[in-house]
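# Overview (structure and organization)
Listed below are the residues making up each chain.
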Amino acid sequence: MSYPLITICPDTEIREAARTMIQRKGRLVVFECGEMTGIVTAADLIREMPDAPESSMVVDDYMTKRIVAADEQETVSDIAVAMGRSRIGSVIITSKGVPSGIFTERDLLSKFFAQGRSLASPVAEACSSPLITAPTGISIHEAARIMTGRHIRRLPLSKKTGLAGIITARDLVEGYAA
């Protein structure tokens, strides 16, 4: 469990909540009159991110440029170990060297641990595919719109020569909070 709780009031402005989330590195618990009334995640904040001057900053400034990729035939177990060693939440899955999907922590939890499936399965059986991407150079607001519309928390960014990076909901919150 995470301790101590990071608490905010229900009337906290979105930008202030974003700053608190980035500074304290965690989800926010909303308390009103001494009672917990909700939890705010990075996905919640980007869904409500207003189209404001600060949200017109480009994703290129906040994306992670180092992308970890793996072939579709690798096992889920090997991918999970690589994610743990690299301290990352997702791996781009390739088919014949071409990005074709993404495997995330959520995939590991919901498709394997929750269902008791074997981790010896090829990752191609469990990755999210086709891969949803966006071009570099878009605003963090546009990235947030794509991510909330497609119900994803990670968005690989492409340029003419291939993938240039990946941006997460938390990265967008960081950009908005700046």
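A short tour of the structure in this document, coming up.

Turning our eyes to something else, we now look at the overall build of the protein chain. A count of helices and strands for the protein chain gives six helices and nine strands. A globule of 178 residues ought to have a C-alpha radius of gyration of about 16 Å, and the protein chain, at 17 Å, matches this closely. Principal-axis analysis of the C-alpha atoms places the extent of the protein chain at approximately 55 × 40 × 25 Å. The proportion of buried residues among the 178 residues of the protein chain is 38%. Taking all contacts inside the protein chain whose residues are at least 6 apart in sequence as the whole, residues at least 24 apart take part in 54%. Total accessible area computed for the protein chain in this model is approximately 10,200 Å², and 51% of it derives from carbon and sulfur atoms. Side chains of the protein chain carry 21 positive and 21 negative charges; the gap between the two charge centres is 5 Å.

Bringing helix α4 (residues 105-113) into the picture now. Buried within α4 are the following residues: Asp107, Leu108 and Phe112. Take α4 and look down its axis: the buried residues cluster within an arc of 100°, on one side only. Facing away from the buried side of α4 by over 90 degrees, the exposed positions are Arg106 and Leu109.

Across the sheet, which stays open at both edges, the three strands sit in the order β7-β8-β9 with mixed pairing between neighbours. Edge strands, defined here as strands with exactly one partner in the open sheet, are β7 (134-135) and β9 (162-168). Strand direction decides the pairing type here: strand β8 (residues 154-159) and β9, joined by six bridges, are antiparallel. Bridge pairing in β9 links leucine 157 to glycine 165.

This paragraph deals with the pairing of strand β2 (residues 28-32). Pairing of strand β1 (residues 7-8) with β2, which is carried by two bridges, proceeds in the parallel orientation. Each residue of the ladder has a partner; that of isoleucine 8, found in β2, is valine 30. Crossover connection from β1 via helix α1 (residues 14-24) to parallel β2: handedness right-handed. Bridging between β2 and strand β3 (residues 35-40) involves five bridges; their strand directions are antiparallel. When the bridges of β3 are listed, valine 30 appears paired with glycine 38. Here β2 hands over to β3 after two residues, with cysteine 33 in that stretch at a positive phi of 55°.

Each aromatic ring pair is specified by the distance between its two centres and by the angle formed by the two planes. Under the definition given, this model contains one aromatic pair. Each ring, one from phenylalanine 103 and one from phenylalanine 112, has its centre 6.5 Å from the other, and the planes form 65°; the classification is edge-to-face. Of the two residues, phenylalanine 103 and phenylalanine 112, neither departs from the other in class, the shared state being buried. One residue, arginine 15, lies across the ring of tyrosine 176, its end atom 5.9 Å from the ring centre. Across the ring face of phenylalanine 112, the terminal group of arginine 117 is positioned such that the distance to the ring centre comes to 4.4 Å.

On to the packing of helix α5 (residues 140-150) against helix α6 (residues 169-177), then. Running from N to C, α5 and α6 point in directions that differ by 150°, and their axes come no closer than 10 Å. You can see that α5 and α6 cross each other, and the crossing is left-handed. On α6, the residues touching Ile140, Ala143, Ala144 and Met147 of α5 are Ala169, Leu172, Gly175 and Tyr176.

Attention now moves to the pattern of salt bridges. Close approach of charged atoms lets side chains of opposite charge pair. The final tally for this structure, using the stated rule, is six salt bridges. The closest approach of N and O atoms between arginine 19 and glutamate 16, which form a salt bridge, is 4.0 Å. A residue pair is termed a helical-turn pair when its members lie 3 or 4 positions apart in one helix, as arginine 19 and glutamate 16 do in helix α1 at three residues. Here glutamate 142 and arginine 145 are joined by a salt bridge, their closest N and O atoms 2.6 Å apart. In this pair, glutamate 142 and arginine 145 are both assigned in helix α5, three residues apart and thus about one turn of the helix distant. Among the residues examined, glutamate 142 registers a relative accessible area of 26% and is labelled partly exposed.

Thresholds, definitions, all that
- Residues numbered from 1 in each chain as written.
- Predicted model: local features only at pLDDT ≥ 70, side-chain atom pairs only at ≥ 80, totals over all residues.
- Heavy atoms only, no water.
- Helix = DSSP H or I, 4+ residues; strand = E, 2+ residues; numbered from the N terminus.
- Rg over C-alpha atoms; globule rule 2.2 N^0.38 Å.
- Buried < 20%, exposed > 50% of the residue type's maximum accessible area, 1.4 Å probe, protein only.
- Contact = heavy atoms within 4.5 Å.
- Areas by Shrake-Rupley, 256 points an atom, 1.4 Å probe, with all protein chains shown as cover.
- Lys, Arg positive; Asp, Glu negative; His and termini not counted.
- Charge placed at Lys NZ, Arg CZ, Asp CG, Glu CD.
- Arc of directions from axis to C-beta.
- Pairing = 2+ DSSP bridges.
- Right-handed = clockwise from strand over helix to strand, strands pointing away.
- Phe/Tyr/Trp six-rings, centres within 6.5 Å; stacked < 30°, edge-to-face > 60°.
- Lys NZ or Arg CZ within 6 Å of the ring centre and 35° of its normal.
- Axes fitted to C-alpha atoms, helices over the stretch in contact; angles between N-to-C directions.
- Left-handed = near helix turned anticlockwise from the far one by under 90°.
- Salt bridge = Lys/Arg side-chain N within 4 Å of Asp/Glu carboxyl O.

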